[in-house]
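Okay, here's what each chain looks like letter by letter:
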Amino acid sequence: MTAAITPESEDVLPPRIALAFAPLHKRAFGVAIGAATGFTLFLVTALLILRAPDQGVGLSLLSQYFKGFSVTWPGAFIGLLWGFLVGYVGGWFLAFSRNMVIALSIFVIRAKSELSQTRDFLDHI
């Protein structure tokens, strides 16, 4: 048995689809990506210090981008801060871009749908 579709039920999306199209919280996504990036940079630096401190040549190139970063313990904490900052900005921008694309896509789909419904409007006059 199928349920009758009423005008009120047409505007209601199933919860899973509504969740898929829900906008991302920019600040929360930025904090999450920033924390992951900062902790990853800290852990990679700490592991490199513990395993082979003289072989940090590849990672030391990050000092060109992150002021104060080096393959040392103080540098690991500076890398944590820089990683959080860069990850936050990147995550915020990614959430902003995704929200913008979803909003524009929904707008275009609705506009096309409304246009197709009123295309033969003058035929009924």
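Rules behind the numbers
- Numbers given for residues are sequential positions, taken from 1 along each chain in its written order.
- With the structure being a predicted model, the display of local features is reserved for residues of pLDDT at least 70 and the display and counting of side-chain atom pairs for 80 or more, all residues being used for whole-chain, interface and lining totals.
- Side-chain measures here rest on the full set of heavy atoms in the structure, leaving out hydrogens and waters.
- Only DSSP runs of H or I covering at least 4 residues are called helices, and only runs of E covering at least 2 are called strands; the numbering of each starts at the N terminus.
- The cut-offs for exposure are 20% and 50% of the maximum accessible area for each residue type, with area from a 1.4 Å probe on protein chains only; residues under the lower value are buried, those over the upper are exposed, and the others partly exposed.
- Working rule for contacts: check all heavy atoms of both residues, and any pair within 4.5 Å makes them a contact.
- In this description, a line fitted to the C-alpha atoms serves as the axis of each element, helices being fitted only across the stretch in contact, and the angle between N-to-C directions of two axes falls anywhere from 0 to 180 degrees.
- Should an angle lie under 35 degrees it is considered roughly parallel, over 145 roughly antiparallel, and from 65 to 115 roughly perpendicular; all remaining angles are considered oblique.
- By convention the crossing between two helices is left-handed if the near helix lies anticlockwise of the far one by an angle smaller than a right angle, and right-handed if it lies clockwise.
- Gly is put with the polar residues, along with every residue not named as nonpolar or charged; the nonpolar set is Ala, Val, Leu, Ile, Met, Phe, Trp, Tyr, Cys and Pro, and the charged set is Asp, Glu, Lys and Arg.
- In summary, the pairing rule links any two rings of Phe, Tyr or Trp, Trp by its six-membered ring, whose centres are within 6.5 Å, and it sorts them by plane angle into stacked for under 30 degrees, edge-to-face for over 60 and tilted for everything else.

K.L.:
It is not clear to me how the overall build of the protein should be interpreted in this structure. Could you clarify?
P.N.:
The number of helices and strands found in the protein is five helices and zero strands. Moving toward the C terminus, one meets the helices and strands of the protein in the order α-α-α-α-α. Out of the 125 residues belonging to the protein, those deemed buried represent 18%. Summarising the internal contacts of the protein: among those between residues at least 6 apart in sequence, 66% fall at separations of at least 24.

K.L.:
Sorry, what's going on with the packing of helix H3 (residues 26-51) against helix H5 (residues 73-117) here?
P.N.:
Working note: a packed helix pair is described by the angle between its axes plus the distance between those axes. One can describe the packing of H3 onto H5 by two numbers: an axis separation of 6 Å at closest approach and a directional angle of 150°. Here H3 is positioned roughly antiparallel relative to H5, judged by the angle of their axes. The way H3 lies across H5 gives a crossing that is right-handed. Residues that form the contact of H3 with H5 fall into these classes: 20 nonpolar, ten polar and two charged.

K.L.:
I'm lost on the packing of aromatic side chains in this one. Help?
P.N.:
Remark: the centre distance and the inter-plane angle together describe each pair of aromatic rings, the angle taken between the planes. Under the defined criterion, the tally for this structure stands at four aromatic pairs. Considering the side-chain rings of tryptophan 92 and phenylalanine 96, the 5.5 Å spacing of their centres and the 5° angle between planes classify their relative orientation as stacked. With tryptophan 92 and phenylalanine 96 both in helix H5 and four residues apart, this pair spans about one turn of that helix. Tryptophan 92 gets classed as partly exposed once you look at its relative accessible area, which sits at 34%.

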